[in-house]
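Descriptive structure summary
Here's the letter readout for the chains.
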Amino acid sequence: MGLRNEQLRWQLVRGLVRTLHLERLASRYSRTTVMAAFNLINGSLSIALVSFVALITQEAFIFPSLGATAFILFYVPLAQPASPRNTLCGHLIGALAGLLSLYLFGLQHHPSAFVTGVDLARVGAASLSLGLTGCLMVLLRVAHPPAGATALIVSLGLMPDPAQLPILMAGVGLLLVHAFIMNRLAGLPYPVWSTRSAGNDHVAAAKI
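Residues numbered from 1 in each chain as written. Predicted model: local features only at pLDDT ≥ 70, side-chain atom pairs only at ≥ 80, totals over all residues. Heavy atoms only, no water.

Quick notes on the nonpolar core
If you look at the biggest cluster of nonpolar residues, it comprises 31 residues, and the most contacted ones within it are Phe 63 and Leu 73. Counting residues per element, the ones that place at least two in this core are helix 3 (31–57), helix 4 (65–75), helix 5 (84–104), helix 8 (146–155) and helix 9 (165–185). Excluding anything up to four places from it in sequence, Leu 73 contacts Ala 82, Thr 87, Leu 175, Leu 176, Ala 179, Asn 183 and Tyr 190. (Core = buried A, V, L, I, M, F, W, Y, C linked by side-chain atoms within 4.5 Å. Buried < 20%, exposed > 50% of the residue type's maximum accessible area, 1.4 Å probe, protein only. Helix = DSSP H or I, 4+ residues; strand = E, 2+ residues; numbered from the N terminus. Contact = heavy atoms within 4.5 Å.)

Re unusual backbone geometry
Where the residue is not glycine, phi is negative for most of them; where a peptide bond is considered, it is trans in most cases. At Gln 58, a residue that is not glycine, the phi angle is positive and equals roughly 60°. Position of Gln 58 relative to the elements: it lies in the loop between helix 3 and helix 4. Of note in this structure, Arg 141 is not a glycine but carries a positive phi near 55°. Along the chain, Arg 141 turns up in the loop between helix 7 (120–140) and helix 8. Take Arg 141: its relative accessible area is 59%, and that puts it in the exposed class.

Regarding the environment of Phe 63
Positionally, Phe 63 belongs in the loop between helix 3 and helix 4. Taking the C-alpha atoms as reference, Phe 63 lies 9.7 Å from Ile 47; in sequence the two are 16 residues apart.

Structural notes on the packing of helix 3 against helix 4
Interaxial distance between helix 3 and helix 4 falls to 10 Å at its minimum, and their mutual angle equals 135°. Judged on the interaxial angle alone, helix 4 and helix 3 are oblique. Note that helix 3 runs across helix 4; the crossing there is right-handed. Contact residues: helix 3 offers Phe 38, Asn 39, Asn 42, Ser 46, Ile 47 and Val 50, while helix 4 offers Leu 66, Gly 67, Ala 70, Phe 74 and Tyr 75. Tallied by class, the residues present in the contact of helix 3 with helix 4 amount to seven nonpolar, four polar and no charged. (Axes fitted to C-alpha atoms, helices over the stretch in contact; angles between N-to-C directions. Parallel < 35°, antiparallel > 145°, perpendicular 65-115°, else oblique. Left-handed = near helix turned anticlockwise from the far one by under 90°. Nonpolar A, V, L, I, M, F, W, Y, C, P; charged D, E, K, R; others polar.)

Details of a nonpolar patch on the surface
A cluster of nonpolar residues, Leu 100, Leu 104, Phe 105 and Leu 128, forms a patch on the protein surface that exposes about 340 Å² of accessible area. Within the secondary structure, Leu 128 is located in helix 7. Overall, the relative accessible area of 32% leaves Leu 128 in the partly exposed class. (Patch = residues over 30% accessible without salt bridge, like charges linked within 9 Å, V, L, I, M, F, W, Y side chains within 5 Å. Areas by Shrake-Rupley, 256 points an atom, 1.4 Å probe, with all protein chains shown as cover. Salt bridge = Lys/Arg side-chain N within 4 Å of Asp/Glu carboxyl O.)

Structural notes on the packing of aromatic side chains
This structure, assessed with the given rule, holds two aromatic pairs. Taking 4.8 Å as the distance between ring centres and 25° as the angle between the ring planes, the aromatic pair formed by Phe 71 and Tyr 75 counts as stacked. Of this pair, Phe 71 and Tyr 75 both sit in helix 4, four residues apart, which is roughly one turn of the helix. Since its relative accessible area comes to 46%, Phe 71 is described here as partly exposed. A residue is classified by how much of its surface remains accessible, and Tyr 75, at 29% relative accessible area, is partly exposed. (Phe/Tyr/Trp six-rings, centres within 6.5 Å; stacked < 30°, edge-to-face > 60°.)

Fair warning: the whole summary comes from geometry, so function is off the table for now.
Shown next, in the form of C-alpha coordinates:
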(Lines give C-alpha, C1' and ligand atoms only; values in the text may rest on other atoms or scores of the structure.)
Protein backbone atom coordinates (compact mmCIF):
# COMPACT_ATOMS: atom_id res chain seq x y z
CA MET A 1 0.00 0.00 0.00
CA GLY A 2 2.85 2.38 0.81
CA LEU A 3 4.61 1.68 -2.48
CA ARG A 4 1.40 2.14 -4.41
CA ASN A 5 0.74 5.51 -2.77
CA GLU A 6 4.32 6.55 -3.47
CA GLN A 7 3.87 5.68 -7.16
CA LEU A 8 0.63 7.64 -7.32
CA ARG A 9 2.18 10.66 -5.63
CA TRP A 10 5.06 10.64 -8.09
CA GLN A 11 2.68 10.28 -11.02
CA LEU A 12 0.77 13.34 -9.80
CA VAL A 13 3.90 15.45 -9.51
CA ARG A 14 5.38 14.18 -12.78
CA GLY A 15 2.13 14.88 -14.62
CA LEU A 16 2.06 18.49 -13.45
CA VAL A 17 5.75 18.92 -14.25
CA ARG A 18 5.03 17.83 -17.82
CA THR A 19 1.94 20.02 -18.09
CA LEU A 20 3.93 23.07 -16.95
CA HIS A 21 6.97 22.11 -19.08
CA LEU A 22 9.31 22.01 -16.09
CA GLU A 23 11.04 18.70 -16.93
CA ARG A 24 14.50 20.25 -17.11
CA LEU A 25 14.16 21.95 -13.75
CA ALA A 26 12.75 18.82 -12.11
CA SER A 27 15.58 16.65 -13.47
CA ARG A 28 18.12 18.58 -11.38
CA TYR A 29 16.65 17.48 -8.06
CA SER A 30 15.74 14.22 -6.37
CA ARG A 31 12.23 12.81 -6.48
CA THR A 32 11.75 13.56 -2.77
CA THR A 33 12.77 17.19 -3.25
CA VAL A 34 10.43 17.65 -6.21
CA MET A 35 7.52 16.08 -4.32
CA ALA A 36 8.22 18.20 -1.25
CA ALA A 37 8.24 21.34 -3.40
CA PHE A 38 4.99 20.24 -5.01
CA ASN A 39 3.32 19.90 -1.60
CA LEU A 40 4.72 23.25 -0.50
CA ILE A 41 3.29 25.02 -3.53
CA ASN A 42 -0.02 23.17 -3.76
CA GLY A 43 -0.73 23.28 -0.04
CA SER A 44 0.01 27.00 0.04
CA LEU A 45 -2.12 27.71 -3.03
CA SER A 46 -5.10 25.72 -1.81
CA ILE A 47 -5.25 27.42 1.57
CA ALA A 48 -4.48 30.81 0.01
CA LEU A 49 -7.49 30.37 -2.28
CA VAL A 50 -9.85 29.63 0.60
CA SER A 51 -8.31 32.38 2.74
CA PHE A 52 -8.70 34.92 -0.06
CA VAL A 53 -12.40 34.11 -0.33
CA ALA A 54 -12.65 34.50 3.44
CA LEU A 55 -10.90 37.87 3.19
CA ILE A 56 -13.22 39.14 0.47
CA THR A 57 -16.42 37.91 2.11
CA GLN A 58 -15.33 38.31 5.73
CA GLU A 59 -16.85 34.91 6.44
CA ALA A 60 -15.28 31.88 8.13
CA PHE A 61 -14.38 29.93 4.98
CA ILE A 62 -11.02 29.00 6.50
CA PHE A 63 -10.68 26.82 9.61
CA PRO A 64 -7.78 24.74 10.99
CA SER A 65 -8.84 21.25 9.92
CA LEU A 66 -8.71 22.32 6.25
CA GLY A 67 -4.93 22.18 6.53
CA ALA A 68 -5.01 18.45 7.24
CA THR A 69 -7.56 17.95 4.47
CA ALA A 70 -5.34 19.77 1.97
CA PHE A 71 -2.41 17.52 2.84
CA ILE A 72 -4.48 14.37 2.28
CA LEU A 73 -5.93 15.65 -1.02
CA PHE A 74 -2.50 16.22 -2.51
CA TYR A 75 -0.42 13.55 -0.76
CA VAL A 76 -2.71 10.53 -1.21
CA PRO A 77 -5.28 11.85 -3.73
CA LEU A 78 -6.68 8.45 -4.72
CA ALA A 79 -7.05 7.11 -1.21
CA GLN A 80 -10.65 6.73 -0.10
CA PRO A 81 -10.41 9.42 2.66
CA ALA A 82 -9.36 11.93 -0.02
CA SER A 83 -12.45 11.42 -2.18
CA PRO A 84 -15.03 14.23 -2.38
CA ARG A 85 -17.60 11.90 -0.80
CA ASN A 86 -15.50 11.19 2.27
CA THR A 87 -14.21 14.74 2.57
CA LEU A 88 -17.59 16.46 2.36
CA CYS A 89 -19.49 13.90 4.42
CA GLY A 90 -16.74 13.65 7.01
CA HIS A 91 -16.59 17.39 7.67
CA LEU A 92 -20.38 17.62 7.68
CA ILE A 93 -20.63 14.83 10.26
CA GLY A 94 -17.93 16.48 12.38
CA ALA A 95 -19.65 19.86 12.31
CA LEU A 96 -23.08 18.42 13.11
CA ALA A 97 -21.67 16.28 15.91
CA GLY A 98 -19.98 19.36 17.34
CA LEU A 99 -23.20 21.38 17.22
CA LEU A 100 -25.24 18.57 18.76
CA SER A 101 -22.72 18.28 21.58
CA LEU A 102 -22.88 22.01 22.26
CA TYR A 103 -26.66 21.91 22.58
CA LEU A 104 -26.73 18.75 24.68
CA PHE A 105 -24.35 20.30 27.20
CA GLY A 106 -25.98 23.75 27.08
CA LEU A 107 -22.93 25.51 25.63
CA GLN A 108 -24.42 26.94 22.44
CA HIS A 109 -24.36 30.52 23.77
CA HIS A 110 -21.15 30.29 25.79
CA PRO A 111 -17.82 31.85 24.73
CA SER A 112 -15.24 29.44 23.36
CA ALA A 113 -13.10 27.29 25.63
CA PHE A 114 -10.10 29.42 24.64
CA VAL A 115 -11.76 32.38 26.35
CA THR A 116 -13.32 30.80 29.43
CA GLY A 117 -11.18 27.73 29.87
CA VAL A 118 -12.30 24.11 30.02
CA ASP A 119 -14.94 22.93 32.48
CA LEU A 120 -16.74 19.59 32.85
CA ALA A 121 -19.46 20.54 30.36
CA ARG A 122 -16.83 21.40 27.75
CA VAL A 123 -15.02 18.13 28.40
CA GLY A 124 -18.28 16.28 27.81
CA ALA A 125 -19.05 18.19 24.62
CA ALA A 126 -15.59 17.67 23.17
CA SER A 127 -15.55 13.98 24.05
CA LEU A 128 -19.00 13.31 22.66
CA SER A 129 -18.37 15.26 19.45
CA LEU A 130 -15.21 13.36 18.60
CA GLY A 131 -16.59 9.96 19.60
CA LEU A 132 -19.78 10.51 17.63
CA THR A 133 -17.87 11.72 14.59
CA GLY A 134 -15.66 8.64 14.54
CA CYS A 135 -18.62 6.34 15.10
CA LEU A 136 -20.72 7.81 12.28
CA MET A 137 -17.83 7.95 9.80
CA VAL A 138 -17.17 4.25 10.37
CA LEU A 139 -20.86 3.30 10.14
CA LEU A 140 -21.38 5.34 6.97
CA ARG A 141 -17.98 4.40 5.49
CA VAL A 142 -16.92 8.00 4.96
CA ALA A 143 -13.69 8.09 6.96
CA HIS A 144 -11.87 11.43 6.74
CA PRO A 145 -9.49 11.96 9.71
CA PRO A 146 -9.46 15.80 9.61
CA ALA A 147 -13.20 15.75 10.34
CA GLY A 148 -12.31 14.87 13.93
CA ALA A 149 -10.65 18.26 14.20
CA THR A 150 -13.75 19.91 12.76
CA ALA A 151 -15.85 18.30 15.50
CA LEU A 152 -13.53 19.72 18.15
CA ILE A 153 -13.43 23.17 16.52
CA VAL A 154 -17.21 23.35 16.83
CA SER A 155 -17.59 21.70 20.24
CA LEU A 156 -14.89 23.90 21.76
CA GLY A 157 -16.92 26.93 20.71
CA LEU A 158 -14.83 28.31 17.84
CA MET A 159 -17.70 27.99 15.33
CA PRO A 160 -20.84 27.58 17.48
CA ASP A 161 -23.39 29.24 15.18
CA PRO A 162 -25.41 26.81 12.97
CA ALA A 163 -25.51 29.57 10.35
CA GLN A 164 -21.76 29.04 9.89
CA LEU A 165 -22.26 25.45 8.72
CA PRO A 166 -22.95 26.28 5.02
CA ILE A 167 -19.90 28.54 5.00
CA LEU A 168 -17.76 25.83 6.56
CA MET A 169 -18.89 23.34 3.91
CA ALA A 170 -18.31 25.90 1.15
CA GLY A 171 -14.69 26.13 2.30
CA VAL A 172 -14.36 22.36 1.99
CA GLY A 173 -15.95 22.57 -1.46
CA LEU A 174 -13.45 25.18 -2.65
CA LEU A 175 -10.59 22.98 -1.53
CA LEU A 176 -12.05 20.00 -3.40
CA VAL A 177 -12.44 22.01 -6.61
CA HIS A 178 -8.76 22.94 -6.47
CA ALA A 179 -7.78 19.33 -5.75
CA PHE A 180 -9.90 18.06 -8.65
CA ILE A 181 -8.33 20.49 -11.11
CA MET A 182 -4.74 19.84 -10.04
CA ASN A 183 -5.10 16.06 -9.89
CA ARG A 184 -6.83 15.84 -13.24
CA LEU A 185 -4.19 18.12 -14.82
CA ALA A 186 -1.62 15.61 -13.62
CA GLY A 187 -3.51 12.79 -15.33
CA LEU A 188 -4.77 11.13 -12.16
CA PRO A 189 -8.36 9.78 -12.16
CA TYR A 190 -9.38 11.83 -9.14
CA PRO A 191 -13.06 10.96 -8.62
CA VAL A 192 -15.96 13.31 -9.11
CA TRP A 193 -17.59 11.81 -6.01
CA SER A 194 -16.40 8.44 -4.72
CA THR A 195 -13.06 6.68 -5.08
CA ARG A 196 -14.88 3.41 -5.66
CA SER A 197 -16.13 4.60 -9.05
CA ALA A 198 -12.51 4.93 -10.17
CA GLY A 199 -11.32 1.67 -8.65
CA ASN A 200 -10.05 0.14 -11.89
CA ASP A 201 -8.19 3.31 -12.74
CA HIS A 202 -6.28 3.13 -9.46
CA VAL A 203 -4.61 -0.10 -10.45
CA ALA A 204 -3.74 1.23 -13.88
CA ALA A 205 -2.36 4.45 -12.44
CA ALA A 206 -0.20 2.58 -9.95
CA LYS A 207 1.48 0.67 -12.79
CA ILE A 208 2.54 3.80 -14.65
